[in-house]
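Summary of structural features
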Amino acid sequence: MEDFAPTGAAALWEFDDGMTDPARTQLQRWVGTPGMSALARHMAGGLAIKTSVLVTRVRNKGDGWRLDMDSPDQDQSASEGPFDALVLALPAEQAAPLLAPVAAALAVEATAARTAPCWAGLFAFDRRFNTPFEARRFGADEALAWVVRETGKPGRTGSEAWVVHASSAWSRANLDLTPQQAADALFSAFRVVVPEAPQPIWLQAHRWRYAFVETPASSPFAWDDDLRLGLCGDWRIGARVEAAWRSGDRLGAAMRSAFG
Ligand SMILES: Cc1cc2nc3c(=O)[nH]c(=O)nc-3n(C[C@H](O)[C@H](O)[C@H](O)COP(=O)(O)OP(=O)(O)OC[C@H]3O[C@@H](n4cnc5c(N)ncnc54)[C@H](O)[C@@H]3O)c2cc1C
């Protein structure tokens, strides 16, 4: 991440988690700036990328990979290809149905992995308020797993904002709430751990159905040389963005050797 700092796409964030152990109170993490998507946008510079399309089918009749896609902007579905190789960097649960018709063994691997959902809440306030911590993690059996003063991170501007992540257990138990119901419930839970918070001027919740890997695959990536088909993503290793990076990096090295 140090490499990204000079580009402005990342910065070191120092925060206090308010824990009693003085050695642990001042923590450091790298974050994307001015938001997390800046990192991916920076890395994607110069690449031809198509966004906001859903790949509904992948197929290969021996002349290369073709993708069938649905786009919300177009009435008709589209198809692209042929391509020499295909990499699926998707959550296991979303890779599995695409793999099943074309690579049964890889589909089995993807089906064995398991990812927990996460309801995330964002609350905006018209004023800053004092709290004993800037960010704090909670136990797995609590409603909230993590709360953070978003505006305390480097590069963030605008009104006071906090982000919360519900625990996997809470998110699973409340998967079918509407976003409004989830936002209200998450704010009630937030108020328990941050009683200093006033009424928000704005609140929103988003459900990430495949958020945190619980049961990863047994190897950091998969590459089938005959099919010219690769799999990578955090689900190959564990529930961190570093895992996604390492998995893709390892797959890239394997593909460079395969392509000579
Ligand atoms: C709310 C939240 C907070 C998090 N916070 C942290 C954190 O603080 N630190 C940390 O290390 N990690 C965090 N993570 C985890 C981190 O985001 C993941 O580990 C990382 O994004 C995984 O990267 P990936 O490339 O494997 O998959 P993803 O980032 O999930 O990327 C896969 C992409 O493929 C797309 N896709 C899926 N199916 C299709 C299809 N059929 N067609 C087209 N596109 C498709 C998805 O929409 C998605 O954009 C967080 C995750 C969530 C949900």
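1. Quick look at the site of the ligand
If you check the shell around the ligand, you find 17 residues, and the closest are Val 55, His 165, Gly 233, Asp 234 and Val 241. Within the contact set of the ligand, an oxygen atom lies 2.7 Å away from a side-chain nitrogen or oxygen of Asp 234. Val 241 is positioned with one of its backbone polar atoms (N or O) 2.8 Å from an oxygen atom of the ligand. Taking 1,000 Å² as the accessible area of the ligand by itself, protein coverage stands at 63%. Partitioning the shell around the ligand into residue classes produces 11 nonpolar, 3 polar and 3 charged. Both domains that furnish three or more residues to the shell around the ligand are identified here as domain 1 (5-41 + 115-214) and domain 2 (51-84).

2. Some points on the nonpolar core
Ranked by size, the top nonpolar core spans 22 residues in total, and within it Leu 86, Leu 88, Leu 99, Leu 106, Leu 229, Leu 231 and Trp 235 carry the most contacts. Mapped onto this core, the elements with two or more residues apiece are strand 4 (65-70), strand 6 (86-88), helix 3 (92-99), helix 4 (104-112) and strand 13 (229-231). Ranked by residue count, the leading element in this core is helix 3, at 5 residues. With near-sequence residues (within four places) excluded, Leu 86 lies in contact with Val 58, Trp 65, Leu 67, Arg 228, Leu 229 and Gly 230. Counting 21 residues, the second largest nonpolar core, distinct from the first, contains Phe 133, Phe 138, Leu 144 and Val 147.

3. Some points on the domain arrangement of the protein chain
Taken domain by domain, the protein chain consists of domain 1 (5-41 + 115-214) and domain 2 (51-84). Each of domain 1 and domain 2 was reduced to a C-alpha centroid, and the two centroids are 36 Å apart.

4. Topic: the sheet that holds strand 5 (residues 78-83)
Judged by pairing direction, the sheet is antiparallel, and its 3 strands sit side by side in the order 3-4-5 without closing on themselves. Every interior strand has two partners, whereas the edge strands, strand 3 (54-60) and strand 5, have only one. With strand direction ignored, the average angle separating the axes of adjacent strands in the sheet is 20°. Examined bridge by bridge, strand 3 and strand 4 share 6 bridges and lie antiparallel to one another. Bridge pairing links Val 55 to Met 69 in strand 4.

5. With respect to the packing of helix 3 against helix 4
Closest axis-to-axis distance for the helix 3/helix 4 pair is 8 Å, and the angle between their directions is 155°. Accordingly, the angle class assigned to the pair helix 3 and helix 4 is roughly antiparallel. Seen along the crossing, helix 3 lies across helix 4 with a hand that is left-handed. Facing helix 3, whose interface residues are Ala 92, Ala 96 and Leu 99, helix 4 presents Ala 104, Leu 106, Ala 107, Ala 110 and Thr 111. Of the residues belonging to the contact of helix 3 with helix 4, the class tally is 7 nonpolar, 1 polar and no charged.

6. Structural notes on a nonpolar patch on the surface
A contiguous nonpolar surface patch, about 240 Å² in accessible area, is contributed by Met 1, Leu 12 and Trp 30. Of note, Leu 12 is situated in strand 1 (residues 10-16).

7. Some remarks on unusual backbone geometry
For the peptide bond that leads from Thr 33 to Pro 34, omega is 5°, which places it in the cis range. Along the polypeptide, Pro 34 turns up in the loop between strand 2 (26-32) and helix 2 (37-43). In this structure, Ser 52 takes a positive phi of about 60° despite not being glycine. Secondary-structure assignment places Ser 52 in the loop between helix 2 and strand 3. A positive phi is found at Arg 228, a non-glycine position, where the angle reads about 55°. On the secondary structure map, Arg 228 appears in the loop between strand 12 (222-224) and strand 13. Residue Arg 228 is classed as partly exposed on the basis of its relative accessible area, which comes to 23%.

8. Things to note about helix 3
Three or more residues of helix 3 are buried, namely Ala 92, Ala 95, Ala 96, Leu 98 and Leu 99. Packed against the buried residues of helix 3 are strand 3, strand 6, helix 4 and strand 13.

Cut-offs applied
- Residues numbered from 1 in each chain as written.
- Predicted model: local features only at pLDDT ≥ 70, side-chain atom pairs only at ≥ 80, totals over all residues.
- Heavy atoms only, no water.
- Near = heavy atom within 4 Å.
- Polar contact = N/O pair within 3.5 Å; in protein donor to acceptor, adjacent residues only side chain to side chain.
- Areas by Shrake-Rupley, 256 points an atom, 1.4 Å probe, with all protein chains shown as cover.
- Nonpolar A, V, L, I, M, F, W, Y, C, P; charged D, E, K, R; others polar.
- Domains from an automatic or database assignment.
- Core = buried A, V, L, I, M, F, W, Y, C linked by side-chain atoms within 4.5 Å.
- Buried < 20%, exposed > 50% of the residue type's maximum accessible area, 1.4 Å probe, protein only.
- Helix = DSSP H or I, 4+ residues; strand = E, 2+ residues; numbered from the N terminus.
- Contact = heavy atoms within 4.5 Å.
- Pairing = 2+ DSSP bridges.
- Axes fitted to C-alpha atoms, helices over the stretch in contact; angles between N-to-C directions.
- Parallel < 35°, antiparallel > 145°, perpendicular 65-115°, else oblique.
- Left-handed = near helix turned anticlockwise from the far one by under 90°.
- Patch = residues over 30% accessible without salt bridge, like charges linked within 9 Å, V, L, I, M, F, W, Y side chains within 5 Å.
- Salt bridge = Lys/Arg side-chain N within 4 Å of Asp/Glu carboxyl O.

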